[in-house]
Amino acid sequence: MIAGFQIIEKQIHQKIVNELNKVGLLYRIFVRTKNEKSITEKIQRKINEGRPYDENGKKIQDVLGVRIVTYFKDDINVVKEILSKKFKFIDEEIDELELTVFKPKRTNIICQFDENHIQILKDINLAAEKSNFKLIDNTFELQLRTILSEGWHEIDHSLRYKCKNDWNEHKESERLLNGIYASLETNDIALKNLFNELSYRHFKSKNWEALLRNKFRLQFQLSNLKSELIEILNNDTSIGKHILRMDRTTFLLKISELDLSLPVNFNNLLYLVNVIEIKNQKLLEETPELIKTTHNNGYK
């Protein structure tokens, strides 16, 4: 790793983890910094492609790369919206869906370093005294993937993107590789639908913990729903019906904006669902004052 980048990498990693853990999303995060050999190879590859980097023009934007892998397809947009409020997005490569074509959908975002990180990068350039380092931009790359597509993207990047000539005379093989991705994309959609159906079944059977778990698909801590809350839900099934019909993405984004970080468990989630969306009086009477006060004071 390039000296000095350890600090930038660690700080960006921690900032992202803090924000996503606050909501309780299921995800994995991978952070890497290119070494000098990788930087040199990338510079040479761009020269060979006739698109060389220029100190006064296009520079390397992904010396630091962050990949966030979500368990569910709809969490891609949740992560993107949360992080757009924490980092300055300066460029995006987000492929539009085509109704009749299956192909990889990239969600790659170029983010600006903050002023502190830009100064660290300047210090690296001064200390290194290497011309290649002058081709590094004040940015890092953020990639968003689902866990089902992650393996495919790794194979595609290493064995197709970096060696395109291997595929020039083998279009059928390239089509087959994209076909494998198509099956993964349909599985991503099926996975979400499966949990939505399971949520409905648990609503019908008044299994409230299971309803919350499968509706919101978060990393819940081991803590049972309080008996008094269960009683309220049993006596008023309209609360469960409201939960079932809620827009999950909108609700999670509202949690991310609260100036409060709570343990992600069934009780706290139900309190938040109620103060933000439902406003059932009996649930409000059971809700801790801290949660009610924070919500009433608004969002960050």
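Please refer to the structure higher up on the page.
What you see is a predicted model, and the numbers here were worked out from it, not measured in a lab. Here the residue index of a chain counts from 1 through its sequence in written order. Owing to the predicted nature of the model, reporting of local features is limited to residues with pLDDT of at least 70; listing and counting of side-chain atom pairs is limited to 80 or more, with chain, interface and lining totals taken over all residues. Only hydrogens and water are removed before side-chain values are computed, so all heavy atoms of the structure are retained for them.

## Topic: helix α2 (residues 36-48)
Under the convention used in this document: Put simply, DSSP marks the helices as runs of H or I at least four residues long and the strands as runs of E at least two long, and each gets a number from the N terminus on. Each helix should span, by expectation, one fewer than its residue count multiplied by 1.5 Å. Distance and chemistry together define a polar contact, namely a pair of N or O atoms within 3.5 Å, with one atom able to donate a hydrogen and the other to accept it when in protein, and with adjacent residues in sequence counting only for side-chain atoms on both sides.
The end-to-end C-alpha distance of α2, which contains 13 residues, comes to 18 Å, matching closely the 18 Å that a straight helix rising 1.5 Å per residue would cover. For α2, the capping residue at the N-terminal end is Asn35, with a side-chain oxygen 3.2 Å from the backbone nitrogen of Lys37. Downstream of α2 by a residue or two, Gly50 has a phi angle that is positive, lying close to 80 degrees.

## A closer look at helix α3 (residues 75-84)
The following threshold applies: The buried label goes to any residue with under 20% of its type's maximum accessible area, the exposed label to any with over 50%, and the partly exposed label to all in between, with areas taken from a 1.4 Å probe on protein chains only. Contacts: residue pairs with any heavy atoms within 4.5 Å of one another.
The buried count for α3 comes to 7 of 10 residues, which makes it a mostly enclosed element. When we look at burial in α3, the residues that qualify are Asp75, Ile76, Val78, Val79, Lys80, Ile82 and Leu83. Summarising the contacts, the buried residues of α3 are in contact with α1 (5-23), β2 (64-70), β3 (88-94), β4 (107-112), β5 (139-146) and α10 (248-257).

## Regarding the environment of Leu159
Here Leu159 lies in helix α5 (residues 147-159). As a C-alpha pair, Leu159 and Val264 span 105 residues in sequence and 40 Å in three-dimensional space.

## Things to note about unusual backbone geometry
With a phi angle near 60 degrees, Lys206 is a residue other than glycine that sits in the positive phi range. The residue Lys206 is located in the loop between α6 (171-204) and α7 (208-216) in this model. Judged by relative accessible area, which is 39%, Lys206 ranks as partly exposed. The phi torsion at Arg217 lies on the positive side, around 50 degrees, for a residue other than glycine.

## A closer look at a negative patch on the surface
Just so we agree on the cut-off: Each patch is built from residues lacking any salt bridge and having more than 30% relative accessible area; the joining distance is 9 Å for like charges and 5 Å for nonpolar side chains (Val, Leu, Ile, Met, Phe, Trp, Tyr). Each accessible area value is a Shrake-Rupley result obtained with a 1.4 Å probe; residue values ignore everything except the protein chains displayed when judging cover. For salt bridges, the criterion is a side-chain nitrogen of Lys or Arg within 4 Å of an Asp or Glu carboxyl oxygen. The charge count includes Lys and Arg as positive and Asp and Glu as negative, but it does not include His or the ends of the chains. Charge placement uses NZ in Lys and CZ in Arg. For Asp and Glu, CG and CD serve respectively.
Where like charges cluster on the molecular surface, the negative patch consists of Glu228, Glu231, Glu285 and Glu286. Among the structural elements, Glu228 can be located in helix α8 (residues 227-235).

## A short note on the packing of α10 against helix α11 (residues 266-278)
Under the convention used in this document: For helices, the fitted axis covers only the stretch in contact; all axes are lines through C-alpha atoms, and the angles between them, taken along N-to-C directions, range from 0 to 180 degrees. Oblique is the label for any angle not covered by the other classes, which are roughly parallel (under 35 degrees), roughly antiparallel (over 145) and roughly perpendicular (65 to 115). Just so you know the grouping, Ala, Val, Leu, Ile, Met, Phe, Trp, Tyr, Cys and Pro go in nonpolar, Asp, Glu, Lys and Arg go in charged, and all remaining residues, Gly too, go in polar.
As a packed pair, α10 and α11 sit with axes 11 Å apart at the nearest point and diverge in direction by 100 degrees. Viewed along their axes, α10 and α11 adopt a mutual orientation that is roughly perpendicular. Here α10 contributes Phe251, Lys254 and Ile255 to the contact with α11, which in turn contributes Leu269, Leu272, Val273, Ile276 and Glu277. For the contact of α10 with α11, a count of residues per class yields 6 nonpolar, no polar and 2 charged.

## Concerning the pattern of salt bridges
This structure, assessed with the given rule, holds 16 salt bridges. Of the charged contacts in the structure, one is a salt bridge between Glu19 and Lys86, with a shortest N-O distance of 3.9 Å. Here the residue Glu19 occupies a position in helix α1, and Lys86 occupies one in the loop between α3 and β3, the gap between them amounting to 67 residues.

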